[in-house]
Amino acid sequence: MAVAAALPKLREVLRIDLCVVNAENASHGFGLGPDMARDLFAAGADAITLGNHAWDRKELIPYIAETPRLIRPLNFPPGTPGAGSILIELANGRRALVLQAMGRLYLDALDCPFRGTAVELSKYRLGASVAAIVADFHAEASSEKMAYAHSFDGQVSLVVGTHTHCPSADHQILPGGTAFQSDAGMSGDYDSVIGMEKTIAIRRFWTKVPSEKLNPAEGEATVCGLFVVTDDQTGLALRVEPVRQGGRLSPAMPLV
Ligand SMILES: [Fe+2]
């Protein structure tokens, strides 16, 4: 797994205090296996988020119940295994909140991600009870992602979108101090159709016949991420820059 291989060095070079990985597609594009989650935690992930592919690998259902640092969207129906947020104790004794919500445009009809996030955030105060808050908004539509980010601008350190598999160039610090990127992009082979081997994926669009199984593209992966520096007092963002390493996309590495 490219991310597990790259994480230890990235953590060191970028002097990372908190590392969050979205891994719902780690298992050949569909779900996450407990073995892969363990590998990511061992490589340096502090928290792992999921998404619409959360339950593609059924073994994850018992695993998430005993692994609080693995979270799924908080607006999944009541009674869903796992939780939608986790408080992480950082190495320096401070605490960070990581949460995930899932959008509803072109995705499943879930509870409202905006209200669900507001309820969760009402329990914490950035820069007081928690040093940082990371919100992963797993959604398809840029409009919903931007509306979500502006809704919580000033209340969280970062809103980062996941799900579209393409890194967007809109990373910025919003007026209230929240870092934002509408999509962090995938870590995978970009000579593909969102990570899948392109020949079969293209044929599906031309013929509308879902004949053959989609397989992941096996070329060199570009590891994509987002680097954020937060203010020690306020928890708001001071810097936000993309990380791209390896594969076909142009490289980007913050200077630390
Ligand atoms: Fe997704």
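Whatever comes next refers back to the structure up there.
Nothing here was measured: the structure is a model prediction, and the numbers come from that model.

**Some details on the overall build of the protein chain**
Each helix and strand counted, the protein chain has six helices and 11 strands in total. Since a compact globule built from 256 residues should have a radius of gyration of about 18 Å, the 17 Å found for the protein chain is in line with a globular shape. Oriented by its inertia axes, the alpha-carbon framework of the protein chain measures out at about 55 × 40 × 35 Å. Out of the 256 residues belonging to the protein chain, those deemed buried represent 51%.

**Some points on the side chain of aspartate 46**
Summarising the element assignment, aspartate 46 is placed in the loop between helix H2 (34-43) and strand E2 (47-49). In contact with aspartate 46, other than residues within four places in its own chain, are Arg11, Asp17, Leu18, Cys19, Phe41, Arg69 and Ile88.

**Quick look at the coordination of the iron ion**
Here the iron ion is held by Glu24 (OE), Asn52 (OD1), His138 (NE2) and His163 (ND1), and the distances to it run 1.9 to 2.2 Å. For the iron ion, the four donor atoms in the first shell make angles of 87 to 159° at the metal, so the coordination geometry reads as irregular. For the iron ion, the donor residues sit on a single chain with the sequence spacing E-x27-N-x85-H-x24-H. A residue pair is termed long-range when its members are at least 10 positions apart, and glutamate 24 in the loop between strand E1 (20-22) and H2 and histidine 163 in the loop between strand E7 (158-162) and strand E8 (172-173) qualify at 139 residues.

**Quick word on helix H5 (residues 142-151)**
Of all the residues in H5, the buried ones are Glu144, Lys145, Tyr148 and Ala149. Burial along H5 is one-sided: seen end-on, the buried residues are contained in an arc of 130°. On its buried face, H5 is in contact with strand E5 (95-102), helix H4 (113-121), strand E6 (132-138), E7 and strand E9 (179-181).

**With respect to the pairing of strand E11 (residues 237-245)**
The side chains of a regular strand alternate between both faces of the sheet. When strand E10 (residues 223-230) meets E11, the two strands line up antiparallel, connected through eight bridges. Bridge pairing links valine 223 to glutamine 245 in E11. In this structure, the hairpin formed by E10 and E11 is closed by a connection of six residues, where glycine 235 is found at a positive phi of approximately 80°.

**Quick look at the sheet that holds E1**
What the three strands build is an open sheet, ordered E1-E2-E3; its pairing is parallel. Every other strand in the sheet has two partners, leaving E1 and strand E3 (70-71) as the edge strands with one partner each. In terms of strand pairing, E1 meets E2 through three bridges, oriented parallel. Considered in E2, the bridge of valine 21 is made with isoleucine 48. On the sheet, H2 packs against E1, E2 and E3 and is oriented at approximately 140° with respect to E2.

**Here's the deal with a nonpolar patch on the surface**
A cluster of nonpolar side chains, contributed by Ile202, Phe205 and Trp206, occupies part of the molecular surface with about 430 Å² of accessible area. Among the structural elements, tryptophan 206 can be located in helix H6 (residues 198-207). The class for tryptophan 206 is exposed, based on a relative accessible area of 76%.

**Some details on helix H1 (residues 2-13)**
For H1, which comprises 12 residues, the first-to-last C-alpha distance of 17 Å matches the rise-based estimate of 16 Å (1.5 Å per residue) to within 8%. Residues of H1 that are buried make contact with E1, H2, E10 and E11.

**Some words on the packing of aromatic side chains**
Under the counting rule described, the total for this entry stands at five aromatic pairs. Residues tryptophan 55 and phenylalanine 76 carry aromatic rings whose centres are separated by 6.3 Å and whose planes lie at 55° to one another, so their mutual orientation is tilted. One end of the pair, tryptophan 55, is in the loop between E2 and helix H3 (60-65); the other, phenylalanine 76, is in the loop between E3 and strand E4 (85-89), and 21 residues separate them in sequence. A relative accessible area of 9% places phenylalanine 76 in the buried class. Centroid distance phenylalanine 137 to tyrosine 148: 3.9 Å. Interplanar angle 5°. Geometry classified as stacked. Of this pair, phenylalanine 137 sits in strand E6 while tyrosine 148 sits in helix H5, placing them 11 residues apart in sequence. Here the two residues phenylalanine 137 and tyrosine 148 agree in accessibility, since each one is buried. Here the aromatic cluster, defined as three or more aromatic residues joined through ring pairs, consists of Phe114, Phe137, Tyr148 and Phe152.

Reading guide: rules and limits
- Residues numbered from 1 in each chain as written.
- Predicted model: local features only at pLDDT ≥ 70, side-chain atom pairs only at ≥ 80, totals over all residues.
- Heavy atoms only, no water.
- Helix = DSSP H or I, 4+ residues; strand = E, 2+ residues; numbered from the N terminus.
- Rg over C-alpha atoms; globule rule 2.2 N^0.38 Å.
- Buried < 20%, exposed > 50% of the residue type's maximum accessible area, 1.4 Å probe, protein only.
- Contact = heavy atoms within 4.5 Å.
- Donors = N, O, S within 2.8 Å, 3.2 Å for Na, K, Ca; no water.
- Tetrahedral: all angles 85-135°; square planar, octahedral: opposite > 155°, others 65-115°.
- Arc of directions from axis to C-beta.
- Pairing = 2+ DSSP bridges.
- Axes fitted to C-alpha atoms, helices over the stretch in contact; angles between N-to-C directions.
- Patch = residues over 30% accessible without salt bridge, like charges linked within 9 Å, V, L, I, M, F, W, Y side chains within 5 Å.
- Areas by Shrake-Rupley, 256 points an atom, 1.4 Å probe, with all protein chains shown as cover.
- Salt bridge = Lys/Arg side-chain N within 4 Å of Asp/Glu carboxyl O.
- Expected span 1.5 Å × (residues − 1).
- Phe/Tyr/Trp six-rings, centres within 6.5 Å; stacked < 30°, edge-to-face > 60°.

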